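An overview of the molecular structure
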Amino acid sequence: MLLHAHQQFGAARHCYARLVGLAPSTFKWSYYSALVAAESGSPAQAREAFDRALQLEPNYLPGRVRRAASLLEEGSPDRSAEEYAAVVADSPENAEAHYGLGRALAVQGRLKEALIHYERACLLFPSYSAAHYAAAQLYGRLGDVARARNHLRAYERSSRTAPPPHDPYLEELQRLGQGAQAHLQRSVALAAAGKLEEAATANLEAIRLDPSSVQGHVNLISLYGRLRRFSEAESQYQAAVALNPSHSEAHYNYGVMLFDAERFAEARRAFRKTIEANPMHADAHNNYAFLVEREGKPGEALKHYREAVRLAPAHRTARFHLARLFTAAGQLQDAIGQFEQLREPEDERTADVEYGLATACYRLGDLDRALKHTRRAHDLAVKYGRRDLTGRLEHDLRVLARRRSR
Amino acid sequence: MRIGLAAMLVIAATACSRRPDPESTPAPLFREAAEEAGLVFRHQNGASGAFHLPEIMGSGVALIDYDGDGDLDVYFVQGDTRAKGNRLYRNLLIPSGKLRFEDRTAEARAGHAGAGMGVATGDYDGDGDPDLLVTNLGPIVLYRNDGGSFTDVTSAARLASEGWHTSASFVDYDRDGDLDLFVARYVDFGPGNARSCKGATGELDYCTPKAYRPVVDRLFRNDGTGHFTDVTGSAGIGSATGPGLGVVAADFNRDGWPEIYVANDGEANHLWVNQRDGTFREAALESGVAFGEDGLPQAGMGLAVADYDHNGAEDILVTNLTREGATLYRNEGDGFFTDVSALTAVRRLTYDHTGFGAAWIDVDSDERLDLMIVNGAVTVMESQRGHPQPFRQPSLLLMNRGAAFESVQLPAAEAVSRGAAVGDIDNDGDLDVVISNNGGPARLLLNQAAPGANWLRVRLEGRQPVGALVSLEGRTKQTKRLRTDGSYLSANEGYVHFTLATETPPARIVVTWPLGRKEVWPSPQPRTVLTLKEGTGQAIR
C-alpha cells in the first residue's frame, strides 16, 4: 500500500498479486490490485481485478463505478453503460455514475440520452467540472449554443472539482500516501516562509509515515543545520546515506551544515563527495573551492571555481571568486574579463565587483580606470549602506588621487 | 589594496501478405541505421546541474531536399550555445545509390549556433526550393535557400522576434499565394529569470512551465516580396497567451481557409479559426480541443494531424505527459471534435510515456494510418535516479487496427526523444523516421515493415502548394494534406505519401489546391513518384 500510495505502481502491483494469491478471499487486496492497474493505465487488468473483488463484495458501489470506468477505457462502452446504468438504478444520487453513464452513452452515439445524465450529474454536484465540460461539448455539437455556453460558464466557475468518491478503501490509501507527501510539501513551503521549526516538525511526520523517504532526511539535514541543531542534522545525514549513499544533495546539505558548524575540513570532504556523486553540482564546486582556498590551495580552488562557472554561467558568487583568484595570481586581464561580466545587474554586491575591478586595474598600472572603479564602488557602497566598505574605499580614493597627482 | 570580499558561500540550496501476421513472430518493422549511414549528430543540451528548463525541451529535426537532387537531407538543431551549432547532413543516395550522409553544414552555410529549439521548412520566396526557419531560445533565424546553399535573411526579411520560440509553421493563412509564418512561443524564461525548482518533496528538478508566464505566439504575414510583417496583434493572435510547443495548420472546419492549432503545455490548447478576413478567433474550448475529455488541461507538446478514420476531416493527436496519455481528437466534420483517446486505446497505450514528436504513418501498408510517438520524461524518473539522464523512455508505434490501436515494439533504444520527422529517406517507397534525442545521438529508423507493398508519392508544383488536399480514390478514399509542420519542433518531408493495400491501381487522384482550384488526374500508377502541376489536371467542381 505504501508503494501504491507513492505511485510506485509496478512494485505495488507485484505485491498485491502476491497478496491476492495468499488471501484470495480478502476484498481489499483484489480491490487495491484493481485500483493500481487502473491508475497505471491497464484497464483490462483493472476490470478483471474489479471482477474478482466484486465477487467478494458485489454491492461495493465505488468498485462498481470504477469497474464501469475501466470497461469504458478498455473499449467496451456497451458493458460500461450497463454497469453504470445498474449503479444509477441502485443509487440515483450518485453523480459520478451519471457522468460515467453519460460518457458511455455518448460513445455509443446516444447523445441526447447522454445529455440527460450529464445534466443529472451537474444537478447532483453543481461544481462537477468534467460533467459541465462534457455537457457543453455535446450541446455544442447538437447546435444548442445557449446551453453549451451556460455549461462552459459553469465549467469555468467550477475550479476543476469532482464529487468526493466516498470510497473508504481509497481514502485509507490516500491517507497513507498523501500523508507523507503532503507533510513534505508543507515542510518545503514552511521552510521557504522561514518557519524552520514548523518545517522540521512537518518533515519528521513525513518520515514517520514513510521511513524510506530519502528526501525527507535530506531536507532535515538542511533544516536542522539552519536551526543549528547540528547533532540532529548529523543523524539525518546518516539516515539519508544509509538509504542512498550517493545522494548528492544529502552530502551537499551536510557540507553546508558542517560549514555552519565551522567544521571546515569535514565540510570540504562532504562537498568533495557531492561532486563525486554529481560532477555537475556547481554550488558544490564553488563551496569546495572556497574551502580548499582557505586551506592554502589557490590552484585547486581556481580549478573548481572555473568549473562552477562553466557549469553555471549565471553563478555570480563563483565568478566573483574566480576573478578574485585571477587577480591574486596576476592574471589581471582574465580577472577584469570576469569582473566585467558581474557589473550587471546592479545589487548590493556590485560594490565588491567594482572594487575588484579597481584592484585589477591598479595592478595593471591603469590608475585612471582604478580611480573610476573605486569611485563607482564607493557610490554603490553608500547607496546600499555597505559600511564595511565605505571607509576603506574613501581611504583608497585618497591614496589613488595622491598617486595620480604625482 | 585588498579586494572587499563578503563571504559568499552558497548555503541555501536544498533542496506480400504485406501486413505482419499476428500469429507469427513479426519481423522488425524498422531498422536503426543512423551510425552506419553516417548520421552521427549528437544533441548537446548544455545541462549544468542547475536544471534550467530549456535544457530538457529541445531539439528538432527537419527532412529537406535542400539541394534538389531527389533525396532527403537532414537538418538538426543543436541546443547548447557552446556546441558547434546546427548541422546539415547531405544525403548521398543520389547519385551514389547508397544511403550515406555527409556533414555539409559549412558549405551550405546553415550552421546557426544558438540555444536551438526547432525548425520549419517552406518555400517562402516561391523560387522552388525549400527555405529554413530556425527557432531558438532567442531570436528566430530565416535561411533562404539559394539553390543548395543558404543565406541568413532574417533582417532583410524583417523577421524579428524575441523570446523562447518553439515549433513553427509556414502557412498561407490569407490565401494570397505566399507562405506566411506562425511561430509558437513557450514562456518568459530568460537569462535574468531562470528559476530553481524542486520536486514536490524538495529534490532539485526541472521546473514546470507554471514557474513562468506564458506568452503570445507570433504571426508574420508575407507580403510576397520577401518581407514579413508582424501581424500578431491585428490578426487576433495576441488575444491569448499559452505555453506553446506544437503547431500545425489545417483546414479543420473545411471552409477552404487554414486554421492553426497550438498545443500548449499545461494550459488550454488553442484553435485559431480563420475568419477569412486576415484575422483569427480562438475557439478551442467550444470546438472540444482545448482540454482532455474530463475538462482538465494537459501538457500538450507534439502534434500529428491526419484523417485517420477516413471521414474526410482531419483529426488531431496531441502528445502529453506521463499519466495523462496522448489525446486523440476525432474531427466530426462539423467543427466539433470528440476526445476518443479512451475509445481507441490511445490513452492507455501512451499512459506511461511523456510524448513529444509524433506522426501518422501507415507502417504496414493497410491504408490505415498508424501512429509513431517518440518519448522522454521532463522530470526525474524515480526508477532512473542516479543515471546521468534519468528521463529515458521508449518510442511507441501504435498500429491502427480499425476501431482501436495496439502497440508494437520499436528497435530504438530508450532515449530522451524530442523531435521526430518522417519521410522516405532511402527512396524505397515507404516512410522512415529520424529522431532527435535530447543530450544524445540522433536515430534513423528505416522502415522495413512491408517491402513489397505498393505506394504512391505525390509531389505538388503550383503557385504555392502547401496546404493542398490530395485524395486518392482506390480501395479506400485516402485524403492527405501537403504539409511539413506538426510533430514537435520538427519538419517532415514535403511530399504526400500514400500506401496501397492492393495491386489494383487507384481510379483517380484529386487535388484541391490552396486557392480553391480542384483538379483530377486519372489512373495514377502505383510505385511511382508523381509530380502534379497546378493547371495540368482536369478541372472539376
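Residues numbered from 1 in each chain as written. Chains lettered and ligands numbered in written order. Predicted model: local features only at pLDDT ≥ 70, side-chain atom pairs only at ≥ 80, totals over all residues.

**So, the overall build of chain A**
Across its full length, chain A carries 23 helices and zero strands. For chain A, the C-alpha radius of gyration of 32 Å lies well beyond 22 Å, the compact-globule estimate for 406 residues. Counting across all 406 residues of chain A, residues that qualify as buried make up 50%. Residue pairs in contact within chain A that sit at least 24 positions apart in sequence constitute 44% of those at least 6 positions apart. (Helix = DSSP H or I, 4+ residues; strand = E, 2+ residues; numbered from the N terminus. Rg over C-alpha atoms; globule rule 2.2 N^0.38 Å. Buried ≥ 20, exposed ≤ 12 C-beta atoms within 10 Å, placed from the backbone. Contact = placed C-beta atoms within 7 Å.)

**Description of the overall build of chain B**
Tallying secondary structure elements over chain B gives four helices and 38 strands in all. Over its C-alpha atoms chain B spans a radius of gyration of 22 Å, differing by no more than 12% from the 24 Å that the globule rule assigns to 541 residues. Overall, the C-alpha framework of chain B stretches about 85 × 55 × 50 Å when taken along its three principal axes. Taking all 541 residues of chain B together, 60% fall into the buried category.

**Things to note about the nonpolar core**
Tyr118(A), Tyr75(B), Val119(B), Leu132(B), Leu303(B) and Val434(B) are the most contacted members of the largest nonpolar core, which totals 196 residues. Once residues lying within four places of it in the same chain are set aside, the contact partners of Val119(B) are Gly60(B), Ala62(B), Tyr75(B), Val77(B), Leu132(B), Leu133(B), Val134(B), Leu489(B), Ser490(B) and Ala491(B). In terms of nonpolar packing, the next biggest core, distinct from the first, is built from 67 residues, Ala282(A), Ala284(A), Leu311(A) and Leu393(A) among them. (Core = buried A, V, L, I, M, F, W, Y, C linked by C-beta atoms within 7 Å.)

**Some remarks on the packing of helix H5 (residues 61-74) of chain A against helix H7 (residues 95-107) of chain A**
Residue and element names in this part refer to chain A. At a closest axis distance of 10 Å, the pairing of H5 and H7 adopts a crossing angle of 20 degrees. With respect to their mutual orientation, H5 and H7 come out roughly parallel. Crossing angle aside, the handedness with which H5 passes H7 is left-handed. Contacts between H5 and H7 pair Val65, Ala68, Ala69 and Leu72 from the former with Glu96, Ala97, Gly100, Arg103 and Ala104 from the latter. Here the residues of the contact of H5 with H7 are counted per class, giving six nonpolar, one polar and two charged. (Axes fitted to C-alpha atoms, helices over the stretch in contact; angles between N-to-C directions. Parallel < 35°, antiparallel > 145°, perpendicular 65-115°, else oblique. Left-handed = near helix turned anticlockwise from the far one by under 90°. Nonpolar A, V, L, I, M, F, W, Y, C, P; charged D, E, K, R; others polar.)

**Topic: the environment of His373(A)**
Residue and element names in this part refer to chain A. In this structure, His373 sits in helix H22 (residues 367-383). It is 5.3 Å that separates the C-alpha atoms of His373 and Glu354, two residues lying 19 residues apart in sequence. Look past the residues within four positions of His373 in its chain and what remains in contact with it is Glu354, Leu357, Ala358 and Cys361.

**A few points about the interface of chain A and chain B**
Contact residues are listed per partner, giving 56 residues for chain A and 42 residues for chain B. Split by residue class, the side of chain A that touches chain B holds 25 nonpolar, 21 polar and ten charged.

**A few points about the environment of Met117(B)**
Residues and elements named next belong to chain B. Tracing the chain through its elements places Met117 in strand S6 (residues 116-122). Considered as a pair, Met117 and Tyr488 are 371 residues apart in the sequence and their alpha carbons are 9.7 Å apart. Those residues in contact with Met117 that sit more than four places away from it in its chain are Met57, Gly58, Ser59, Gly60, Val77, Thr135, Asn136, Leu137, His165, Thr166 and Leu489.

**Looking at the sheet that holds strand S22 (residues 327-331) of chain B**
By definition, the strands of a sheet pair up through backbone hydrogen bonds, in either a parallel or an antiparallel sense. Residues and elements named next belong to chain B. The antiparallel open sheet is built from four strands, whose spatial order is S20-S21-S22-S23. One side of each edge strand has no neighbouring strand; the edge strands of this open sheet are strand S20 (303-306) and strand S23 (337-339). Averaged over all neighbouring strand pairs, the angle between strand axes comes to 20 degrees, with direction disregarded. One ladder, built from three bridges, connects strand S21 (residues 315-318) with S22; its direction is antiparallel. Among the inter-strand pairings, Val318 is bridged to a residue of S22, identified as Thr327. (Pairing = 2+ DSSP bridges.)

**Points about the sheet that holds strand S2 (residues 61-64) of chain B**
Residues and elements named next belong to chain B. Reading across the sheet, the four strands line up as S2-S3-S4-S5 and stay open at both edges, with antiparallel pairing between neighbours. Pairing within the sheet leaves two strands with one partner each, and these edge strands are S2 and strand S5 (101-103). Averaged over all pairs of adjacent strands, the angle between their axes in this sheet comes to 25 degrees, without regard to strand direction. In this sheet, S5 lies alongside strand S4 (residues 87-91) in antiparallel orientation, the contact comprising three bridges. When the sheet's bridge partners are listed, Tyr89 is paired in S5 with Asp103.

**What to know about the pairing of strand S8 (residues 138-145) of chain B**
All names here are of chain B. Extensive coverage of S8 is indicated by the burial of six of its eight residues. In this structure, strand S7 (residues 131-136) lies alongside S8, joined through four bridges in antiparallel fashion. From the neighbouring strand, Asn136 faces S8, where its bridge partner is Gly138. Hairpin connection from S7 to S8: one residue lie between these consecutive antiparallel strands. Where S8 and strand S9 (residues 150-152) come together, three bridges link them in antiparallel fashion. Bridging across to S9, Asn145 finds its partner in Phe150.

**Notes on the confidence of the model for chain B**
All names here are of chain B. Looking at chain B, pLDDT values average 90 and 94% of them are 70 or higher. Predicted confidence is poor over residues 1-24, with pLDDT under 50, and the contacts of this stretch with residues over four places away or in other chains come to 50 contacts. The ipTM for the predicted assembly is 0.80, set against a pTM of 0.75. (pLDDT = per-residue confidence, 0-100.)

**Some points on unusual backbone geometry**
All names here are of chain B. Note that the residue after Gly58, namely Ser59, is joined by a cis bond; omega there is 5 degrees. Positionally, Ser59 belongs in the loop between strand S1 (30-32) and S2. For the bond from Ile94 to Pro95, the omega torsion is 15 degrees, close enough to zero to count as cis. Among the secondary structure elements, Pro95 is positioned in helix H1 (residues 93-96). At Arg276, a residue that is not glycine, the phi angle is positive and equals roughly 65 degrees. A positive phi angle is found at His310, which is not glycine, with a value near 55 degrees. Relative to the helices and strands, His310 resides in the loop between S20 and S21.

**Side note on the packing of H22(A) against helix H23 (residues 387-405) of chain A**
Residues and elements named next belong to chain A. Contact geometry of H22 with H23 gives a least axis separation of 9 Å together with a crossing angle of 155 degrees. One way to sum up the angle between H22 and H23 is to call them roughly antiparallel. Crossing hand, H22 versus H23: left-handed. Along the contact surface, H22 presents Leu367, Ala370, Leu371, Thr374, Arg375, Ala377, His378, Ala381 and Val382, while H23 presents Leu389, Thr390, Leu393, Glu394, Asp396, Leu397, Leu400, Arg403 and Arg404.

**Considering the pairing of strand S3 (residues 73-76) of chain B**
All names here are of chain B. Here S3 shows two buried faces, one formed by Asp73 and Tyr75 and the other by Val74 and Phe76. Examined bridge by bridge, S3 and S4 share three bridges and lie antiparallel to one another. Along S4, the bridge assignment pairs Tyr75 with Leu88.

**Points about H7(A)**
All names here are of chain A. An ideal rise of 1.5 Å per residue puts 18 Å on 13 residues; H7 measures up with 19 Å between its terminal C-alpha atoms. Counting buried positions along H7 gives 13 out of 13 residues, so the element sits mostly inside the fold. Immediately beyond the C-terminal end of H7, within one or two residues, lies Gly109, with a positive phi of roughly 85 degrees. (Expected span 1.5 Å × (residues − 1).)

**Things to note about helix H10 (residues 145-157) of chain A**
Residues and elements named next belong to chain A. In a regular helix each residue adds 1.5 Å, so 13 residues correspond to 18 Å; H10 covers 18 Å between its end C-alpha atoms and thus fits that length. When we look at burial in H10, the residues that qualify are Ala148, His151, Leu152 and Tyr155. Down the axis, H10 shows its buried residues gathered within 105 degrees of arc, on one side only. Exposed side chains of H10 directed beyond 90 degrees from the buried face belong to Ala146, Arg153 and Arg157. (Arc of directions from axis to C-beta.)

**So, the confidence of the model for chain A**
In the predicted model, chain A carries a mean pLDDT of 90, and the fraction of residues at 70 or more is 99%. Confidence scores differ between elements of chain A, with helix H11 (residues 168-192) of chain A showing the lowest mean pLDDT of 78 and helix H6 (residues 77-90) of chain A the highest of 96.

**A look at the environment of Arg269(A)**
With respect to the helices, strands and loops of the structure, Arg269(A) is situated in helix H16 (residues 264-277). Residues Arg269(A) and His251(A) lie 18 residues apart in sequence; the distance between their C-alpha atoms is 9.0 Å.

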